[in-house]
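Residue-level structure breakdown
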Amino acid sequence: MLTALSLVLDLGGTFVFAVSGAVAAIKYRLDIFGVLVLSFAAGNAGGITRDVLIGAVPPAAIADWKYAAVSILAGLLVFFAYPAAERVRDDVLWCDAVGLSFFAVAGAQKALLRGLNPMMAALLGMLTGIGGGMLRDVLVTQIPMVLRADLYAMAALAGAAVVVVAPMLHVPPVAAAIAGGVLCFALRFGAIRYGWHLPTARPARVQGGTADSGRDGAAP
Amino acid sequence: MLTALSLVLDLGGTFVFAVSGAVAAIKYRLDIFGVLVLSFAAGNAGGITRDVLIGAVPPAAIADWKYAAVSILAGLLVFFAYPAAERVRDDVLWCDAVGLSFFAVAGAQKALLRGLNPMMAALLGMLTGIGGGMLRDVLVTQIPMVLRADLYAMAALAGAAVVVVAPMLHVPPVAAAIAGGVLCFALRFGAIRYGWHLPTARPARVQGGTADSGRDGAAP
Amino acid sequence: MLTALSLVLDLGGTFVFAVSGAVAAIKYRLDIFGVLVLSFAAGNAGGITRDVLIGAVPPAAIADWKYAAVSILAGLLVFFAYPAAERVRDDVLWCDAVGLSFFAVAGAQKALLRGLNPMMAALLGMLTGIGGGMLRDVLVTQIPMVLRADLYAMAALAGAAVVVVAPMLHVPPVAAAIAGGVLCFALRFGAIRYGWHLPTARPARVQGGTADSGRDGAAP
């Protein structure tokens, strides 16, 4: 039951992030094969990293063909429907928030099941959520959007924390997964719609051309 | 026999990619030690990633001093013969195609031997082939050439696929390795010499300065 | 005893590199959560990579909450004291040299304990030292300072080599750790204070805008 839930969350998150990888790949003029490679990387880097760190090798995304199939499907869909994908850009942003929620929850669950302590399970849930987007942006030489977007990594951590704390309060796993996912999505919703954000420490002096002037995070 | 073949392919690929790492390092003005570090990274990142993903730790490139020795040798050769290396730039491109063939074939074989299913073994063969070049380019902040160059990742996947399909057709491993390597090389040959390429989805609107204008993939 | 020494060195190195990650994150205008993520990445990427490569999963930095706590503490300190942190910039550079020494020594010791051969244990010590800084700079899209700064990776390798060679000469581990750390620090001291550096191979021809003109390594 819990395994089936994890698989659905994982594949759903993979699809959404693979879409974001394909959109970034097309923006940077990669050919169709490069699009598929970046789809796979964005869709699976978070989960693969988590699995390697908890010693679950080969990682699910390598051992199970379904992850690659979902990633390739997402990449092909975006490639052949690109102008349409551009038009639904804002929907992609919403999808991305859904995917982040799925991954954060599934990642924390899996880490708990492997016996990690709650604090690190929450951090691994966050890493599962943000890992794919980080690799996607690094591969197209952008500062990762997940480090810059408002409440992004923090939303993932909040969702994962709910999953981790729930067993201590005897909340059943499915309810915890739903609550964690909703919290993660709500934080991103507030950030996108209402501009919620965390404080920044302004550098003491202007950094000339060395800072990020003229560059912006890749669209999700 | 198969192990010896794998070792020769692996070390040959390592040498060639270490050369490409050293050339990139010198282009970006790293000192001799930075050149050697990038040689090792470019020569071994693909194989190390593959080994970590299939659970073969410590990875061959870490456990066996021969990989580091070959990488350092390649880095020193390039460093002390740099102007000559510049002149044989096109030969480097050919060497790179040979190295890609070696790595794709050896990577797929090793993944098969560890019991991965054929589809994922082929993908891991591709990853072995392109991983070193990806890390090399990310470290000098370029969009990886392996994602942009014509038929690059695809050639690696094609070569790996031959190795993976062969056992089903009762083709002996050595013949499969040769056939896979030749196919991979032939695809890159066609791409370099005749400009074979895959289609690109043109972005719907011009992306101003955010796209890759003014940057180009690092030379291999 | 050796384990306690390792832990102190590891946590000390983690703190210092987490500080460097936080400084880089603030320079690139990440919000407070991005600052903490980059603190953790810079403080722990080297050790995590080492542990994954030697098969010690889950890595210490994931299994033990102390590493995350130290990283978060360092990130918060820098965030709330940023202008002060800017003013002590040069001290940060010295701290970084101390952290590099700690990590190189602790990394080599841990690799030896896991039974790796001396050459690879020294290389893994170096990787432990430079891994965090490499990820930090890649995430803010800079060519890693550890590949460009004078005698940086080389100092780490020299310190690690002392730790590796010492057992062959029957030098006790604590003395070897101190000697290795002092050598590593001394090399960086000479590089920072007196400009010691290794030779560079100048590219045969000017590379136009493709080289690193106008970019510089992130401050440590």
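In this text the structure is predicted, and so the values were computed from the model without any measurement.

On to the overall build of chain A, then. Scanning chain A for helices and strands turns up 10 helices and 0 strands. For chain A, the proportion of its 220 residues judged to be buried stands at 60%. Residue pairs at least 24 apart in sequence account for 72% of intrachain contacts in chain A once pairs closer than 6 positions are excluded.

Taken together, the contacts link 30 residues of chain C with 29 residues of chain B. Elements represented by at least two residues in the side of chain C that touches chain B include exactly α2 (32-53), α7 (118-139), α8 (145-148) and α9 (152-165) of chain C. With 4 residues, the top contributor of residues to the side of chain C that touches chain B is α7(C). Here the residues of the side of chain C that touches chain B are counted per class, giving 19 nonpolar, 9 polar and 2 charged.

Residues and elements named next belong to chain C. The residue L127 is located in helix α7 in this model. Along the chain, L127 and V52 lie 75 residues apart, while their C-alpha atoms are 12 Å from each other. If we ignore the near neighbours within four places in the chain, the residues touching L127 are G46, T49, R50 and G107.

Least-squares fitting of chain A to chain C yields an RMSD of 0.0 Å, with the superposition described by an axial translation of 0.0 Å and a rotation of 120 degrees. Taken together, the rotation angle and the small translation identify this as a three-fold axis. Among all residues of chain A, the minimum C-alpha distance to the rotation axis is found for A:T141, at 3.5 Å. A low fraction, 10%, of the interface residues of chain A reappear at the interface in chain C, so the copies pair through non-equivalent surfaces.

Turning our eyes to something else, we now look at the relation of the copies chain C and chain B. Mapping chain C onto chain B leaves a residual RMSD of 0.0 Å; the transformation is a rotation of 120 degrees accompanied by 0.0 Å of translation along its axis. Interface overlap between copies: only 10% of the residues of chain C at the interface are likewise at the interface in chain B, consistent with a contact formed by different surfaces.

The next point concerns the packing of helix α9 (residues 152-165) of chain A against helix α10 (residues 173-194) of chain A. All names here are of chain A. Taken N-terminus to C-terminus, the directions of α9 and α10 make an angle of 165 degrees; their axes are 8 Å apart at the nearest point. In terms of orientation, α9 and α10 fall into the roughly antiparallel class. Judged by the twist between their axes, the crossing of α9 over α10 is right-handed. Each of M154, A155, A156, A158, G159, A160, V162 and V163 in α9 lies in contact with α10, whose residues at this interface are A176, A177, A179, G180, G181, L183, C184, L187 and R188.

All names here are of chain A. Per-residue pLDDT for chain A has a mean of 84; in total, 86% of the residues score no lower than 70. Here helix α5 (residues 82-87) stands out as the least confident element of chain A, with mean pLDDT 67; α9 is the most confident, with 94. Note that pLDDT drops below 50 for residues 206-220; the model gives that stretch 32 contacts with residues more than four away or on any other chain. We note a pTM of 0.85 for the whole complex and an ipTM of 0.81 for its interfaces.

Conventions adopted
- Residues numbered from 1 in each chain as written.
- Chains lettered and ligands numbered in written order.
- Predicted model: local features only at pLDDT ≥ 70, side-chain atom pairs only at ≥ 80, totals over all residues.
- Helix = DSSP H or I, 4+ residues; strand = E, 2+ residues; numbered from the N terminus.
- Buried ≥ 20, exposed ≤ 12 C-beta atoms within 10 Å, placed from the backbone.
- Contact = placed C-beta atoms within 7 Å.
- Nonpolar A, V, L, I, M, F, W, Y, C, P; charged D, E, K, R; others polar.
- Least-squares fit on C-alpha atoms with pLDDT ≥ 70 in both.
- Axes fitted to C-alpha atoms, helices over the stretch in contact; angles between N-to-C directions.
- Parallel < 35°, antiparallel > 145°, perpendicular 65-115°, else oblique.
- Left-handed = near helix turned anticlockwise from the far one by under 90°.
- pLDDT = per-residue confidence, 0-100.

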